[in-house]
Structures are given as C-alpha cells and as structure tokens.
Amino acid sequence: MDTPAVFTSQLTKLYGDTVALDQLDLSVSRGAVHCLLGPNGSGKTTTVAILTTLRTPTGGTAQVDGIDVVSQPDQVRARCGVTLQHTGVDQQMTGREVLRLQAVLQGLGRTARSRRVDNLVELLDLSGHIDTRISGWSGGLRRRLDLAAALVHRPSILFLDEPTTGLDPASRRTLWDEIERLNREEGTTVFLTTQYLEEAERLAETVSILRAGRLIITSSPNRLKHGLGERRMVLRFAHAEHTGAAAQLLGGSVDMEGDQPILRVPVDAGDEPRCLADLAHAGCDVVAFTVVEPSLEDVFLRLTAEPLEEPA
Amino acid sequence: MTAVVHPRRNDLPKLGALIARSLRTCLRTPELTAGPLLMSGFFLVIYHGQLAGAAPGFLTSGSYIAFIVPLVLLTAAFTGGAIGGQLVVRDLESRYFATLVLTPTRRGTFALAPTVAGLAVIATQLVILIMVGALLGLKHPHGAAGLGVLMSYTLVAGTGFLLLALAAGLIGRNMGAVNTAVYIFFPLSFMTATFVPRSSLEGWMAVAADFNPLTYLLEAMRDALTPGWSGSALLHGGIAAAGILAVGIAAAWFGLRQNGKEVDR
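Procedures and definitions
- Residues numbered from 1 in each chain as written.
- Chains lettered and ligands numbered in written order.
- Predicted model: local features only at pLDDT ≥ 70, side-chain atom pairs only at ≥ 80, totals over all residues.
- Pairing = 2+ DSSP bridges.
- Helix = DSSP H or I, 4+ residues; strand = E, 2+ residues; numbered from the N terminus.
- Axes fitted to C-alpha atoms, helices over the stretch in contact; angles between N-to-C directions.
- Contact = placed C-beta atoms within 7 Å.
- Buried ≥ 20, exposed ≤ 12 C-beta atoms within 10 Å, placed from the backbone.
- Arc of directions from axis to C-beta.
- Nonpolar A, V, L, I, M, F, W, Y, C, P; charged D, E, K, R; others polar.

Student: Mind showing me how you'd approach the sheet that holds strand β9 (residues 206-211) of chain A here?
Tutor: Strand-to-strand pairing in sheets goes through backbone hydrogen bonds, with the strands running parallel or antiparallel. Residue and element names in this part refer to chain A. Spatially, β6-β7-β8-β3-β9-β10 is the arrangement adopted by the 6 strands of the open sheet, whose pairing is mixed. With partners counted over all chains shown, the strands left at the sheet margins are β6 (80-83) and β10 (214-219), one partner each. Going from strand to strand, the sheet's axes swing by 15° on average, the running direction of each strand aside. As defined by bridge partners, β9 adjoins β10 across 5 bridges and the pair is classed as antiparallel. The residue of β10 that forms the bridge with V207 is S219. Taken strand by strand, helix α5 (residues 139-151) contacts β6 and β7 (157-161), and its axis lies near 165° from that of β6.

Student: It is not clear to me how helix α9 (residues 240-250) of chain A should be interpreted in this structure. Could you clarify?
Tutor: Counting along an α-helix, one turn takes 3.6 residues, and residues three or four places apart therefore face a common direction. Residues and elements named next belong to chain A. Among the residues making up α9, those that are buried are H242, T243, A246 and L250. The arc that holds every buried residue of α9, seen down its axis, measures 110°, which confines them to one face. Of the residues in α9, the exposed ones pointing more than 90 degrees away from the buried face are E241 and Q248. On its buried side, α9 packs onto β11 (232-237), β12 (253-257), β13 (260-266) and α10 (272-281). Where α9 terminates, the next one or two residues include G251, which has phi positive at roughly 85°.

Student: Even after reading the chapter, I still don't get unusual backbone geometry, so can you show me in this structure?
Tutor: Glycine aside, the phi torsion of most residues is negative, and most peptide linkages are trans. Residue and element names in this part refer to chain A. Positioned with a positive phi, D125 is a non-glycine residue whose angle comes to about 55°. Looking at the secondary structure, you find D125 in the loop between α4 (110-123) and α5. With a phi angle near 50°, A212 is a residue other than glycine that sits in the positive phi range. The residue A212 is located in the loop between β9 and β10 in this model.

Student: Got a minute to help me understand the sheet that holds β11 of chain A in this structure?
Tutor: Residues and elements named next belong to chain A. Strand order in this open sheet of 4 strands is β12-β13-β11-β14, and the pairing throughout is antiparallel. Each of the sheet's edge strands pairs with one partner strand only, and the pair in question is β12 and β14 (286-292). Direction aside, the axes of adjacent strands within the sheet are offset by 30° on average. Direction of pairing for β11 relative to β13: antiparallel, over a ladder of 5 bridges. Its bridge partner lying in β13, M233 is registered against V265. In the packing of α9 onto the sheet, contacts are made with β11, β12 and β13, and the angle to β13 comes to roughly 15°.

Student: Would you mind going over the interface of chain A and chain B with me for this structure?
Tutor: Accessible area lost upon the coming together of the parts serves often as the stated size of an interface. In this complex, chain A contributes 31 residues to the contact, which on the side of chain B involves 30 residues. Residue assignment for the side of chain A that touches chain B shows that the elements contributing at least two residues are α2 (73-79) and α3 (95-105) of chain A. No other element matches α2 of chain A, which puts 5 residues into the side of chain A that touches chain B. A class-by-class count of the residues in the side of chain A that touches chain B yields 12 nonpolar, 12 polar and 7 charged.

If you want it as structure tokens, here you go:
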C-alpha cells in the first residue's frame, strides 16, 4: 500500500490549558488535493505548523511522506513546500534574491539553482517585477513569489495555509489555476487550509472539517453536499395565505423575500413534479419556483453549528 | 515528477548566502549602521575637543587621543553590536524567519550569518574611527602589533555584545529587547576609567571600576597606543574580552534554544 502523503494519529496540541488540536486522525493520499476547513481558531494553522515542523505536537504522531515530523524535521523540510498564512518576505530583497536564497538553503547547486529560478519566474509570470524590491509589490505578486519560493526544490507536498486570503478575485483565480496545474502536471500533493468554501469546492478532492481542534468529518465535497447538504425548492405563491397552507402540506420553512413570503422545502432529486401536483390539488397557486442545489457552505455551517459531542 | 534534494548536504554555501544577504540588508538600511558610527565619531571629536587640553593634569604618559580612542572604539563596537539582534528581529517581525527555518538548514547558521555580517560592519566602523583618530593626532607607537591588539580586543568583546543583542532578539522578538541589551553597555562604560585613569578614581567609583571587566579591556587597549607594553595589562584585557565573548556565546546558545522551541509563535 502507498504511504500516505500526510498521516496523523491522535495528534494533539495544547497551549497551556487550551486545546488547539484534539486527537486528530488524518490521512491524505499522494497526489491528492486535500483541504482543511474550519472556523477561526479551529486548529487549521496549528495542524499545518506541526506538519511543516514549525511547532511540536503535545501528543500523537504526524508523518509527511512517511517521515516523522518530530524526529526527522530536516527530511520533512526537504520534501515540503510551504506558504504561510501571513506572507513572510524581506521587503528589502528583490524577488530574484528571495528565490536564489531559497534555492541555496534547499541545497540546489549553482546551475540547477539558476535554471530553476528562471523557470519559476516564467511559470508564475513574475518576469516584469523579479528584479525589483518586494516593498513595491502588490499582495497578489507577493503571494505568487511566496508560492514560487515554496516550489524551488520541487517539493512532493505543498502546504498552503490560507493562500488566497486578502487577494482580489483575479489574483485568487490565477493562484487556483497554478495550484491545479502543479497537482495535475507535476503530481504535487497539495494540503490546503482555507476559509473560502468556493476555494475548497474548486480545488479539493477531499475536505476535512475541523471544529475546536476536533475532526468532524473527512469526505469529498460532492459526498458531503449530497450526504449532508439539503436540496431545496423555493416556492412563491399567487396569494400570501397560500404559503402557510403549502407549508402545512409539504413542511419546510416560510421566509420573507422583500415583502413577499416564500416557502423553502427540502426535496430529493425528481420530487419536484409530485410536490407541484400536491400543491395544485390543495389549491395553492404557485407562480414561481426554483431548485437550490446543496452547497458546501450549507454543510459547513450545519456541521460547525452543531453542538460538539463529548469524547467517550 | 518531484525531486527531493538531500538535506544539509553542505551548510557552508548556505552560510555564505545568508551572510551576503545580511550585508546587503545593512547596505540597503543605512539607519542600522550609521547611528553607532556617527555617535562614536561625535563622542571622539567632542571628548578630544573638551578634555585634550586638561589631559596633562591627569595623564602621566601618552596623549589624550590615545587615551580616549579605545573608549570610542568600544562604544562603536557595543552599540554597533545591536545589529546582530536587529537583523534577526527584522526577520522575526516580518515572519520571514519562519520561511527560512522551514528549509533544511541548521538553526545556528541563521544566528551565525548576522553575527559575521555584524562583525564586518563593526570592523569597517573601527577602521573609520581609527582614521578619524589619526586626523586628530593618534600615533601608533607599537605599529601593526599595537593596532592588531586594538582591533582584535575590540572585535572579540564586540562579538560578545553582538551575540548578547542577538540572544535578546531571539528571545524577545522585538527591537525593544535588542535595544535593552545595548543599554547594558552604558553603565559599564561609565563605571570605569572612562575619562581619567583608574589611579585617579576614588571611593565607590574606584571599587566599581575594579569589578568592571571594561576597565581591564580599556587599560590593555590604551597600553597598545602608549609607549611601553605591559604584559599583565594585555593579559587582563584579553581575559576580560574573552569573558564578554563567553557570556555572549552562552546567551546566544540559550536564545537559539528558546527560539527553536516554537518558531511561529
């Protein structure tokens, strides 16, 4: 069996009395794009910090490419590319100086270093700025440089901690395209944390949802949406009083949209004709309806709002 | 296809690249280096201007410029020594330090690079100050040997302070902590034979000077600029400089250990 790219068992991190991670069990296959989701303070950044050797766990084990992050941190660092939540760059340096230094520190030889830096500059479209000081760069450019620095040594696994936070939509999409290309063409495993559910849906094959340091669920976005999400019909009636009657018939919840009442009814795929027929039979005059597919956001909100069960 | 480089194949090129980067930062951030040089140069000119005329009253041998230059060199070395800590704190505050330590490089290399760069900056400042001293009439009765003692004692003790400032930066993670470490120098530099020889000090000041390692360092350096060597002064000065260096090494070692526990605090 293939060694997982990322593996944690009972991984725990305490900061004083605060539990940042509570017995986290994770396994991410090689070549996958895995996303860690969770509200602020759920333990996402702590997980990345432990996996990338920036922090040491209080308990449990963590491995990257089958290598223990505590006992062999240098071996782990040689395999990982990391971009941290807050871009850490020396603004006095030029982009090329940053990449060259990173290449030296990762142990690349002179020729390989020069070739790799040129290659990354072209790949991440940095050529127009690479020889200027970073102090004058935009947030999007800095993120791209950060990504280039993380890729200098062709890591087998890339950790991206909220990589698109603070970026404008165009820069965000450019970065997404690059992450997808890396995964598709170079087979790089990507371990991503984000607060943007759209990002997780677009990039990730599997997502894990954390809450208060605990893993709530790991699955594919589609399975989560169809397993836990709610497909709904949104109905509008010719007469306001029909809304209440329809709610008694089909269930669901009545909301206001402007000054018009609407009814939201959970439905399975293909149930819509039956619902509409039932409503017509009951004399409820439907003037419009839409079907809202379940979203990862619904699942996320539902899972992170439920009370936590105490561990046995 | 991914390729993994064998980590820590050789840390020397890494050290070289990090030193070059630290030196570039010093050149691009003149406020890091100009302050100590200007302050020391200013003190040299003012002390000489105000006290040189009165010196024959308390100096039995040598010139006042030879008496005051060692103090000014130590001031430059110790205040300039803050640069080691300042370089590290810049990286910690910008979070670039976390990016650097995520590479397979020995933690000590990240401390050694700003130390070596800081030493190069201090050495340059010493040369400039000695040249200013020469313009004010400083002579070198022992030639290159005397100059060697002057420079090497200053650099050894300066390295100690550089490492102290580095440790303060690694532990405190802010410029305030680095500056506080530099303030240690000021009481030491005034509770000694700062403006007059030790033999002219009286009461508690004489006792404080006896216990102050800078006293012995200053006496050895002054000896190197005055006709007639004293072996015991050189020995005591060397021990004082080595002692300051040892304290700095211990502090830096402790700072690295503390910092290494959790980088991304």
